[in-house]
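Structural overview for review
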Amino acid sequence: MPPELRIPRSDSRPGLGRPATGHPVPVPAPGPVPLPAPIPWAAGLSLLVRTAHWCALQGWPVHPLAAGRKTPAANCPACRDQPHPASACSCLAEGKWCHGFHAATLDHDLIDRWWGRNPQFGVGVACGPAGLVVIDVDAHATQPPTRDRILPGIAISDRVDLTGLANGFHTLAVLAALRGQDSPADDTTTLRVRTPSGGLHIWYRAGEGRRWQCSSGSSPKRALAWQVDVRAHGGYIVAPGTRTADGTYLPVGATREPAPLPGWLAQELERTRHLPEAAIPAARPVPPRAWQAVAAAGSGGTRVQRTLEKVLEPVEACGRMPEGTGFSEALNRAAYTLGGLVAAGRLTQQEAEQALTRAAAAARPTQERRARQIICSGLTAGQQRPLPVERERRP
Ligand SMILES: [Zn+2]
Ligand SMILES: [Zn+2]
């Protein structure tokens, strides 16, 4: 582990490292840098190349940052003068660092080459391929926005006194408190990195298959909280140990590993649209056997009710399973089947819509908009093929 990342003896000196607003944030004690960790093949290398290797060993692809800055190292002249997408660039295959985080690598030889020639380069980590989502808390001295922009999507009553709310530490703490949680800024179980401007990066593991999207806390399109950015797919984060003209990015406390993203925070990110709108699956016909089962369940007695129960059962079952376990597919199929029943005159359009909406909301309360689209497309497609109603069989 590079010396910058080693655990300081004390990380909570009073009065040190507090943002101008006075929110207490523990920082590493200053003082002599401890002896380098024994990475034998890294002996004699500059500190930052060691940091780059250390990140790559964690499985986090790295790319160079311009010396003393937190922006990526400059592109080659060809990439600079004739802008083009990284996907259409031959530089990356040639081992150049053009296009910022698109060039990020786990290749130790390339790391040696890049930082060997430019030992003053900082280290950026491409969050998406690293499987990381980093909560970037700012402490800029700017005027807070109107209350509807403090925590997007959450109405803060006029009766709540917001005097003193001045930065991202505060908005994140308010959000956490609303959810009955401790602020992630105080999460000692995960890697946290103090920024030279008094902000804090809280590193988490994104979780299997979760493609979290970046956001800026002031964006009207997608934001978690004012002065809190999210670094994930399509973004990078400055690695601890990187030095800029303003100071060094220093880990806080003893934890050097990102913890899994807490469940409540994942829910908040999902609520604030940090997952891509999943493609709405194309409506697909239901296999004949499934239709027969539905028709059979619907014969006699309170048959509409029994039919609905049967059709919606797989949707409701998704509510008992984690996200990403076939919810769209189940809802799509149910909508298609009920569309067929509507066309056959067994059910009204309104009954079908209501039942589907209710079942979807119970299973995935945060995906209302998406569920509506799936229901609409499934019902429409299903109505093109009326369910072949079986004659009621009599014994
Ligand atoms: Zn280039
Ligand atoms: Zn290029």
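Above this text sits the structure in question.
Residues numbered from 1 in each chain as written. Chains lettered and ligands numbered in written order. Predicted model: local features only at pLDDT ≥ 70, side-chain atom pairs only at ≥ 80, totals over all residues.

Turning next to the sheet that holds strand β7 (residues 236-238). Taken together, 3 strands build an open sheet; the order of strands is β1-β2-β7 and the sheet is antiparallel. Looking at which strands have only one partner, the edges of the open sheet turn out to be β1 (62-65) and β7. Geometrically, the sheet is characterised by an average inter-axis angle of 35° between neighbouring strands, direction not taken into account. Pairing analysis gives 3 bridges linking strand β2 (residues 122-126) to β7, with the strands arranged antiparallel. Directly across from A126, in β7, lies its bridge partner Y236. Along the sheet, helix α1 (residues 47-57) makes contact with β1 and β2, crossing β2 at roughly 15°. (Pairing = 2+ DSSP bridges. Helix = DSSP H or I, 4+ residues; strand = E, 2+ residues; numbered from the N terminus. Axes fitted to C-alpha atoms, helices over the stretch in contact; angles between N-to-C directions. Contact = placed C-beta atoms within 7 Å.)

Another point: the environment of G339. With respect to the helices and strands, the residue G339 is situated in helix α9 (residues 327-343). On the basis of neighbour count, G339 is assigned to the buried category, with 29 C-beta atoms found within 10 Å. When the C-alpha positions of G339 and I375 are compared, they lie 9.4 Å apart, and in sequence the two are 36 residues distant. With residues up to four places along the chain from it excluded, the contact list for G339 reads G378, L379, T380, A381, G382 and Q383. (Buried ≥ 20, exposed ≤ 12 C-beta atoms within 10 Å, placed from the backbone.)

A few words now on the pairing of strand β3 (residues 132-137). Summarising burial for β3: 6 of the 6 residues are buried, a large majority. Where burial is concerned, the two faces of β3 agree: the one with L132, V134 and D136 and the one with V133, I135 and V137 are both buried. Pairing of β3 with strand β6 (residues 228-231), which is carried by 4 bridges, proceeds in the antiparallel orientation. Looking at the pairing, V134 lines up with R231 of β6.

Turning next to helix α5 (residues 168-178). Counting buried positions over the 11 residues of α5 gives 9, a clear majority of the element. When α5 is considered as a whole, its buried residues turn out to be G168, F169, H170, T171, L172, A173, V174, L175 and A176. Summarising the contacts, the buried residues of α5 are in contact with β3, β6 and α6 (263-271). Positive phi appears at G180, one or two residues downstream of α5, with a value of about 70°.

On to the environment of E351, then. Residue placement: E351 occurs in helix α10 (residues 349-363). For E351, a count of 15 C-beta atoms within 10 Å puts it in the partly exposed group. For the pair formed by E351 and L308, sequence separation is 43 residues and the distance between their alpha carbons is 9.4 Å.

Further remarks concern the nonpolar core. Formed by 68 residues in total, the largest nonpolar core has its most connected members in V62, V125, C127, L132 and V133. Among all residues touching V62, those that are not within four sequence positions of it are A52, C55, A56, A104, T105, I111, V123, G124, V125 and A239. (Core = buried A, V, L, I, M, F, W, Y, C linked by C-beta atoms within 7 Å.)

Within a regular beta strand, the side chains point alternately toward one face of the sheet and then the other, so they alternate between its two faces. Burial analysis of strand β5 (residues 200-205) places 5 of its 6 residues in the buried class, which makes it a mostly covered element. One ladder, built from 3 bridges, connects strand β4 (residues 192-194) with β5; its direction is antiparallel. If you follow V193 over to β5, its bridge partner there is H201. Counting the residues between successive antiparallel strands, the hairpin from β4 to β5 contains 5 residues, one of them, G198, with a positive phi of roughly 90°. Where β5 lies against strand β11 (residues 259-260), 2 bridges are found, and the strand directions are parallel. Following the sheet pairing, R205 is matched in β11 by P260.

Next up on the list: the packing of α1 against helix α3 (residues 108-117). Where α1 meets α3, the closest approach of the two axes is 9 Å, and the angle between their N-to-C directions is 160°. Of the possible angle classes, the one that applies to α1 and α3 is roughly antiparallel. Crossing hand, α1 versus α3: right-handed. Of α3, the residues touching α1 (which contributes L48, V49, A52, H53 and A56) are H108, I111, D112, W115 and G116. The residue inventory of the contact of α1 with α3, partitioned by class, reads 6 nonpolar, 3 polar and 1 charged. (Parallel < 35°, antiparallel > 145°, perpendicular 65-115°, else oblique. Left-handed = near helix turned anticlockwise from the far one by under 90°. Nonpolar A, V, L, I, M, F, W, Y, C, P; charged D, E, K, R; others polar.)

Bringing α3 into the picture now. I111, W114 and W115 are the residues of α3 that are buried. On an axial view of α3, the arc spanned by its buried residues comes to 85°, and they lie on one face. When the buried face of α3 is taken as reference, the exposed residues oriented beyond 90 degrees from it are D109, G116 and R117. The inward-facing, buried residues of α3 abut α1 and β1. (Arc of directions from axis to C-beta.)

All quantities given are derived from atomic positions and should not be read as evidence of function.
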